[in-house]
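Residues per chain are reported as follows:
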Amino acid sequence: MTPHFEPVVGRYLHLQLSGRPHRLYVEEAGQGIPLVCLHTAGADARQFRHLLNDEAITSHYRVIAFDMPWHGKSSPPEGFEHEEYLLTTATYTQMVVDVCNAMCVDKPVVMGCSIGGRIVLNLAAEHATRFRALIGLESAAYQQPWYDTEWLNRPDVHGGEVCAALVSGLMAPQSPAANRAETLWMYKCGGPGIFKGDLHFYRVDGDLRDVLARIDTQACPLYLLTGEYDFSCTPEDTQRTAAAIPGAEVTVMKELGHFPMSENPAQFRRYILPVLEKIRTQAP
Amino acid sequence: MSAVTAQEEATERVIRTFEALPKLASEDPILTRRGRFLTCDIEVGVGAVPLSISIVEGRVVAVRRGPFLLKAHPFSISAEPDVWLRFHQPMPAPGDHDLLALTKTGRARVSGDLVPFMGNLQYIKDLLALPRNLAKPQREAKH
């Protein structure tokens, strides 16, 4: 009997990030235009496993998804036990550029969700010519906080359980129960304080409203897609962001929430396939 | 029907659904197991009417209607009756679908000692959403 393996290949990439050696776990599948996927805060690249297995995508795109340092199967850098993990706009932006360089990918499309959706706005402002197109899922330059992140990492409340419980309501009630449970599982698996450290970028360091005027969608097309059930990054947050970026294309996705690619892959592909088709057929 | 009467009618409807919680929770062993470390009385406000939901190791043992005199609740969760009615729809609309969506927009309020609330957050959110199941038995009865 032949073993049933997915076409996804996972490897460990060694590279320097912020001047320190890192070991990053990277999965990829497919051939064609590089499509680099950025996971949400406090989770990992398993969120993209359905895209990595979707032949309608991998027949045209080389889909690449990596676990950020401290996340998933990527190790924290040596000495991490002596510091607090805090993601910043500068380190996150440079991480994406450095991973793309280390993977030797030329003019990739970058698609990020949540914090990943936020950082593509900065990539558009600072590095537009390096990318063929940028896709922000659940993306806004700024959104109103809705809880105190101190709850995410303290000894009297279970970190994994509270991280998952906080984000559980960001998914659409129509999303399949199994997909919702798997999405939350990644939050339950996160290292202590890592979700909180990611949200340092989201809440403290990453207000990007002032950079939107520098985004030129002629230099790099920008697509923003947000689920109607996302009350963290609401459709209105995304539309407000897009209103400040001439040429940005906005789609509000029905029956989806904050984790479209993992909470309901079948529903998400109805929205993302046309975007990927458009990018593929347009001259780079 | 005057506006006051409509408000009172909505309040009574919500209270009746919350009074079904002992039965609804007993039908959900996964939920009661999740709440097995929680024993306390939660105050749930339905407009001006406070309810006291008594939980013992995840089981809902009583739902009492206030006002309560000299009775302390570690934390309380309150919303207007129309907000609870929309929250309890079997397929709630965006923004009505999660307790924290309600608190973000100021349509629900959580106050008191938040450690047991946050420590049992998924249990509490799912418990308060259990009345959504009241519309389901008819569908399931066809099987």
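Basis of the calculations
- Residues take numbers from 1 onward in each chain, read along the sequence in its written order.
- Ligands are numbered from 1 and chains lettered from A, in the order in which they are written.
- Local features in this predicted model are restricted to residues whose pLDDT is 70 or higher, and side-chain atom pairs enter the listing and the counts only when it is 80 or higher, whereas totals over whole chains, interfaces and linings include all residues.
- Put simply, DSSP H or I for four residues or longer makes a helix, DSSP E for two residues or longer makes a strand, and each gets a number counted from the N terminus.
- With C-alpha atoms as the basis for the radius of gyration, the globule rule is written as 2.2 Å multiplied by the number of residues raised to the power 0.38.
- Exposure is read from a count of other C-beta atoms within 10 Å of each residue's own; the residue is exposed at 12 or fewer, buried at 20 or more and partly exposed in between. C-beta atoms are placed from the backbone.
- The contact criterion used here is simple: two residues whose C-beta atoms, placed from the backbone, lie within 7 Å are in contact.
- By the convention used here, strands pair only if DSSP detects at least 2 bridges between them.
- Interaxial angles span 0 to 180 degrees and are taken between N-to-C directions of axes, which are lines fitted to C-alpha atoms, for helices over the stretch in contact.
- On a scale of 0 to 100, pLDDT captures the predictor's confidence in every residue.
- Roughly parallel here means an angle under 35 degrees, roughly antiparallel means over 145, roughly perpendicular means 65 to 115, and every remaining angle is called oblique.
- Less than a right angle of anticlockwise turn of the near helix away from the far helix marks a crossing as left-handed, whereas a clockwise turn marks it as right-handed.
- Following the grouping adopted for this structure description, the nonpolar residues are Ala, Val, Leu, Ile, Met, Phe, Trp, Tyr, Cys and Pro, the charged ones are Asp, Glu, Lys and Arg, and the polar ones are all others, Gly among them.

K.L.:
Help me out: how do you make sense of the overall build of chain B in this one?
P.N.:
When you go through chain B residue by residue, the secondary structure sums to eight helices and five strands. Reading chain B from its N end, one meets helices and strands in the order α-α-α-β-β-β-β-α-α-β-α-α-α. The C-alpha radius of gyration computed for chain B amounts to 15 Å, which stays within 12% of the reference 15 Å derived for 143 residues, consistent with globular compactness. Looking at chain B residue by residue over its 143 residues, the buried ones come to 29%. Summarising the internal contacts of chain B: among those between residues at least 6 apart in sequence, 66% fall at separations of at least 24.

K.L.:
Explanation requested: the overall build of chain A in the structure shown.
P.N.:
Secondary structure assignment for chain A yields 10 helices and eight strands. Viewed in the frame of its principal axes, chain A has a C-alpha envelope of about 55 × 50 × 45 Å. Taken across its 284 residues, chain A has 52% of its residues classed as buried.

K.L.:
Can you help me understand the sheet that holds strand 1 (residues 40-46) of chain B in this one?
P.N.:
Sheet strands line up and pair through hydrogen bonds in the backbone, either parallel or antiparallel. All names here are of chain B. Strands sit in the order 3-2-1-4-5 across an open sheet of five strands; the sheet is mixed. Both outer strands of the open sheet, strand 3 (59-65) and strand 5 (108-112), are each paired with one neighbouring strand and no more. Within this sheet the neighbouring strands show an average axis-to-axis angle of 20°, counted without direction. Strand direction decides the pairing type here: strand 1 and strand 4 (residues 75-79), joined by four bridges, are parallel. The residue bridging G45 from the neighbouring strand is S78, located in strand 4.

K.L.:
Please explain unusual backbone geometry as it appears in this structure.
P.N.:
Residues other than glycine predominantly adopt negative phi, and peptide bonds predominantly adopt the trans conformation. Residue B:P67 is reached from B:G66 by a cis peptide bond, and omega for that bond is 10°. Relative to the helices and strands, B:P67 resides in the loop between strand 3 and strand 4. Backbone geometry places A:S114, a non-glycine residue, at a positive phi of 65°. With respect to the helices and strands, A:S114 occurs in the loop between strand 5 (109-113) and helix 4 (115-127).

K.L.:
Sorry, what's going on with helix 5 (residues 159-168) of chain A here?
P.N.:
Because an α-helix completes one turn every 3.6 residues, residues spaced three or four positions apart along the sequence face the same direction. For helix 5 of chain A, a buried count of eight out of 10 residues is recorded, marking the element as mostly surrounded by other parts of the structure. Turning to helix 5 of chain A, its buried residues are A:G159, A:V162, A:C163, A:A164, A:A165, A:L166, A:V167 and A:S168.

K.L.:
Just checking my understanding: could you explain the confidence of the model for chain B for this structure?
P.N.:
Low pLDDT means the predicted coordinates in that region are not meant to be read closely. Per-chain confidence: chain B averages 93 in pLDDT, with 93% of residues scoring 70 or above. Contacts from residues 139-143 of chain B, a stretch scored under 50 in pLDDT, to residues over four places away or in other chains number zero contacts.

K.L.:
How should I be thinking about the interface of chain B and chain A in this particular structure?
P.N.:
Buried accessible area, meaning the area lost when the parts come together, often serves as the stated size of an interface. Residue-level contacts link 16 residues of chain B with 17 residues of chain A. Among the elements of the structure, helix 5 (99-104), helix 6 (114-119) and helix 7 (121-129) of chain B are those that each provide at least two residues to the side of chain B that touches chain A.

K.L.:
Hey, could you run me through the packing of helix 5 of chain A against helix 6 (residues 177-188) of chain A in this one?
P.N.:
Each pair of packed helices gets described by two things: the angle between the helix axes and the distance between those axes. All names here are of chain A. Where helix 5 contacts helix 6, the two axes come as close as 7 Å, and the packing angle between them is 140°. In terms of their interaxial angle, helix 5 and helix 6 are classed as oblique. In the crossing of helix 5 with helix 6, the sense of the turn from one axis to the other is right-handed. For the pair helix 5 and helix 6, contact is made by G160, E161, C163, A164, V167 and S168 and by L184, Y187 and K188, respectively. Looking at side-chain class alone, the contact of helix 5 with helix 6 contains five nonpolar, two polar and two charged residues.

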